[in-house]
Amino acid sequence: MDEGALKSFLEETFAWLHSHPELSYEEHETTAKLKELLTDKHITLLGLPLATGAAAEIGRSGPLVALRADIDGLPITEASGLPYASQNRGRMHACGHDFHAAALLGAAILLKEHEADLPGRVRLIFQPAEENPGGARKVLETGILKGAGAIFALHTSPLLPVGTLGLSPGPVMAAVDRFVIRFRGQGCHAAHPDRGVDVITLAAHFISALQTLVSRNCDPFAANLVSITRVSAGNTWNVLPETAELEGTARSMTKEDRRLIRDRLHALAQGEAAAFGGEALIDWQAGPPPTTNDAGWTDFALAVARRQGFALQDAPKSLAGEDFAYYQEQFPGVFASIGTGLSAPNHSPEFIADPAALLPGARLLAALAAGALGKLAGDSVYTAGL
Ligand code: NI
């Protein structure tokens, strides 16, 4: 396919995906469309025993490299004003996963053209449910990535102009944990607090104390945070309630800080509860670990991107999470931010990804995969990439 045809194909595919966003685990139409396009391009589909998402392979025997795109949208009403805006009410591709899927399809087409020369196999993963995390873990449980020597993914960035790549070694996005704390005291008449255990005062002390956890326990040069996002207790003015429930999230960039925050939060909740004569029940729900780029493969990816003419910047770091981190726990991986033009932030109803970045994104993914296979196979020709 010549460059002009590929560019138009990517723009059309992106516009179609953008106008048909579906929520996590509901990506049925998206999956059907992607499979249809892959089949059209004679790319081998692999069985992926999940209700949504798709996997494909290019190449024959030899080392294995994986490329991953997520495909789900968000429960947001689009206000981008784009001619190809969402046709699904209350649903929007506001994180650019439509861009990721289209760019991966483009990479597949480019790799297919070189299939006979590839020194190994490239596995393409169109992953469901990144936003409602768990999709990456479900893909891993299928075993489809067994034996992968490296895995790569791009993510849209509205902080970077088209033609720019943001990439750094080490942690770039946070470990994301959620917690629910239930303080139990003893309910009583508001006029006789001495006859009960007031969980509202207890919760207030805990919330204030919690905000010293990061500032007094973590290295001031490290990025960590704890937020309480929901407080619920009581239902009238003259009764002190029996229980208070708090919910929140903890974010950190290293395993060590993550463990420290979890342990200190437990100690603080239990200590405050004991001091007030109540008790604390803590439900800790661990989410993805920090998204952590492998140093060696990051150097390789930076060299490939530089050769392709990308302007390079440090990764725009964030305490948001990304379930690509689950892959990186098992395989060395690189998660890079591709500039999709300055716009409203990801997850905003006005978020826009500029289609001008599609072809460079597809080329970069293809070159990363081919170059990585070359590196793994010790084939000097292919270390140069596509
Ligand atoms: Ni995203």
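The paragraphs below set out a description of the structure included in this document. These numbers were taken from a predicted model, which means no experiment stands behind them. (Residues numbered from 1 in each chain as written. Predicted model: local features only at pLDDT ≥ 70, side-chain atom pairs only at ≥ 80, totals over all residues. Heavy atoms only, no water.)

## A few points about the overall build of the protein chain
Turning to step 1, where the next piece is worked out: Looking only at helices and strands, the protein chain features 10 helices and 16 strands.
Turning to step 2, where the next piece is worked out: On the principal axes, the C-alpha backbone points of the protein chain span a range of 80 × 45 × 40 Å.
Turning to step 3, where the next piece is worked out: Considering the protein chain as a whole, with its 386 residues, one finds that 53% of them fall into the buried category.
Turning to step 4, where the next piece is worked out: Sequence separation of at least 24 residues holds for 80% of the intrachain contacts in the protein chain that already meet a minimum separation of 6.
Turning to step 5, where the next piece is worked out: When the accessible surface of the protein chain is split by element, carbon and sulfur atoms take 52% of a total near 16100 Å². (Helix = DSSP H or I, 4+ residues; strand = E, 2+ residues; numbered from the N terminus. Buried < 20%, exposed > 50% of the residue type's maximum accessible area, 1.4 Å probe, protein only. Contact = heavy atoms within 4.5 Å. Areas by Shrake-Rupley, 256 points an atom, 1.4 Å probe, with all protein chains shown as cover.)

## A word on the coordination of the nickel ion
Around a metal, the idealised angle for a tetrahedral arrangement of four donor atoms is 109.5 degrees; for an octahedral arrangement of six donor atoms it is 90 or 180 degrees.
Turning to step 1, where the next piece is worked out: Protein-derived coordination of the nickel ion comes from C95 (SG), H97 (NE2) and H155 (NE2), at a distance range of 2.2 to 2.4 Å.
Turning to step 2, where the next piece is worked out: Mapping the donors of the nickel ion onto the primary sequence yields the spacing C-x1-H-x57-H. Each of the two residues, C95 as well as H97, counts as buried. (Donors = N, O, S within 2.8 Å, 3.2 Å for Na, K, Ca; no water.)

## Topic: the sheet that holds strand 13 (residues 279-286)
Turning to step 1, where the next piece is worked out: In space, the four strands of this open sheet follow the order 10-12-8-13, with antiparallel pairing throughout. Of all the strands in the sheet, the pair left with one neighbour each is strand 10 (224-233) and strand 13. Between one strand axis and the next, the sheet turns by 20° as a mean value, whatever way the strands run.
Turning to step 2, where the next piece is worked out: Helix 5 (residues 199-210) contacts strand 8 (175-184), strand 10 and strand 12 (243-252) of the sheet and is inclined by roughly 155° relative to strand 8. (Pairing = 2+ DSSP bridges. Axes fitted to C-alpha atoms, helices over the stretch in contact; angles between N-to-C directions.)

Remember that the coordinates give geometry; whether it matters functionally is a separate question.
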